[in-house]
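Chains, contacts and geometry: an overview
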Amino acid sequence: MSRHLLITGQHRAGSSLFYSMLRRTLAGFNIPGPEFPARAVIHMPGKTCSRRAFDIFDFEKIVQAAEGRKRLDMIVTLRDPRDILTSYDPRLPDDYACSADKSYFVTSHGKPQQILPGILQTHAQIAAVSNSGHLPQGVFMMKYEHLVSEPRRVQNLLADCLELDFNGDFGNFHRDELATHGSDLIGFRTLNSSRIEKWRAAHHRERIISQFDEFPELHDIVIDLGYERDRSWYDSYCAEGGAEELVVSA
């Protein structure tokens, strides 16, 4: 039976970077780009792959489209929710791209609208899909932090867990891309681990505090995903802010 590899998960969690890696290295799959709904390509012959974060909400229909035709495998992209909450989109100069309860829908034409699900809804849907029983071989949960800091390890895990073959190395992705596109590569991001925990920057403090105060459920997600062991980080984080204010006022 042919296969379809579904890349989905949290919004702003590195799926564009990951999909570009796959398009350069994954052997034997038809990989259209840069973003297609799974149901738009799953009917194609042979092995196919698609990327769309919000396909997680279209999962039941994707299962129906694949049933009897293709084995469905899923890779879920994850990232520290605090970094997602503080992510920017150059097309949104006056606001953050994703919030706990909603995200922006941005097109090349028209005004951006906050009509897409946020972190809370997406996390709940990931859990529902993982427990649905439609993926007996399991779901590969891939953290952005691991992808950029240990790309070869992630690639080896994908090869072993999902029986994938690769021609090329995730770790050399940025060199290959720059060699191919040079200065014409717009918006390209290297495997830069400095983007991990960028939420700690002082100018994001108000954003983090307001989101966690309004949506305390975020604490459970941060702990559930293994980014913190408990809520003590938040008390320290708020205390640090108070200390900074005292220094400034003095």
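Model, not experiment: these values are computed from the prediction. (Residues numbered from 1 in each chain as written. Predicted model: local features only at pLDDT ≥ 70, side-chain atom pairs only at ≥ 80, totals over all residues. Heavy atoms only, no water.)

Now for the confidence of the model for the protein chain. Chain-level pLDDT for the protein chain is 89 on average; 89% of the residues reach the 70-or-more range. Throughout residues 181-188 the model reports pLDDT below 50, and contacts reaching past four residues in sequence, or to other chains, amount to 7 contacts. (pLDDT = per-residue confidence, 0-100. Contact = heavy atoms within 4.5 Å.)

A few words on the sheet that holds strand β7 (residues 139-143). Judged by pairing direction, the sheet is parallel, and its 5 strands sit side by side in the order β2-β3-β1-β4-β7 without closing on themselves. Of all strands in the sheet, those with a lone pairing partner are β2 (29-30) and β7, marking the two edges. This element, helix α7 (residues 151-162), spans β1 (2-9), β4 (70-78) and β7 of the sheet and lies at about 175° to β7. (Pairing = 2+ DSSP bridges. Helix = DSSP H or I, 4+ residues; strand = E, 2+ residues; numbered from the N terminus. Axes fitted to C-alpha atoms, helices over the stretch in contact; angles between N-to-C directions.)

Now for the nonpolar core. Ranked by size, the top nonpolar core spans 33 residues in total, and within it F59, L72, M74, I119, F212, L218 and W233 carry the most contacts. When contributions to this core are tallied by element, the ones reaching two or more residues are α3 (59-66), β4, α4 (81-85), α5 (119-130), α9 (205-214), α10 (217-224) and α11 (232-249). Residues contacting L72, with those up to four places away along its chain left out, are H4, L6, F59, I62, V63, A66, L135 and Q137. Among the nonpolar cores identified, the runner-up in size contains 24 residues, and I7, F29, V154 and F166 belong to it. (Core = buried A, V, L, I, M, F, W, Y, C linked by side-chain atoms within 4.5 Å. Buried < 20%, exposed > 50% of the residue type's maximum accessible area, 1.4 Å probe, protein only.)

Attention now goes to the pattern of salt bridges. Within this structure, the stated rule accounts for 14 salt bridges. With a shortest N-O distance of 2.9 Å, R71 and D73 are connected by a salt bridge. Note on D73: relative accessible area 1%, which makes it buried. Among the ionic pairs, R231 bridges to D220, the shortest N-O distance being 3.4 Å. In this pair, R231 sits in the loop between α10 and α11 while D220 sits in helix α10, placing the two residues 11 residues apart along the sequence. Relative accessible area serves as the criterion here: at 44%, D220 is assigned to the partly exposed category. Shared partners join several salt bridges into a network, and the residues in it are R3, R71, D73 and E163. (Salt bridge = Lys/Arg side-chain N within 4 Å of Asp/Glu carboxyl O.)

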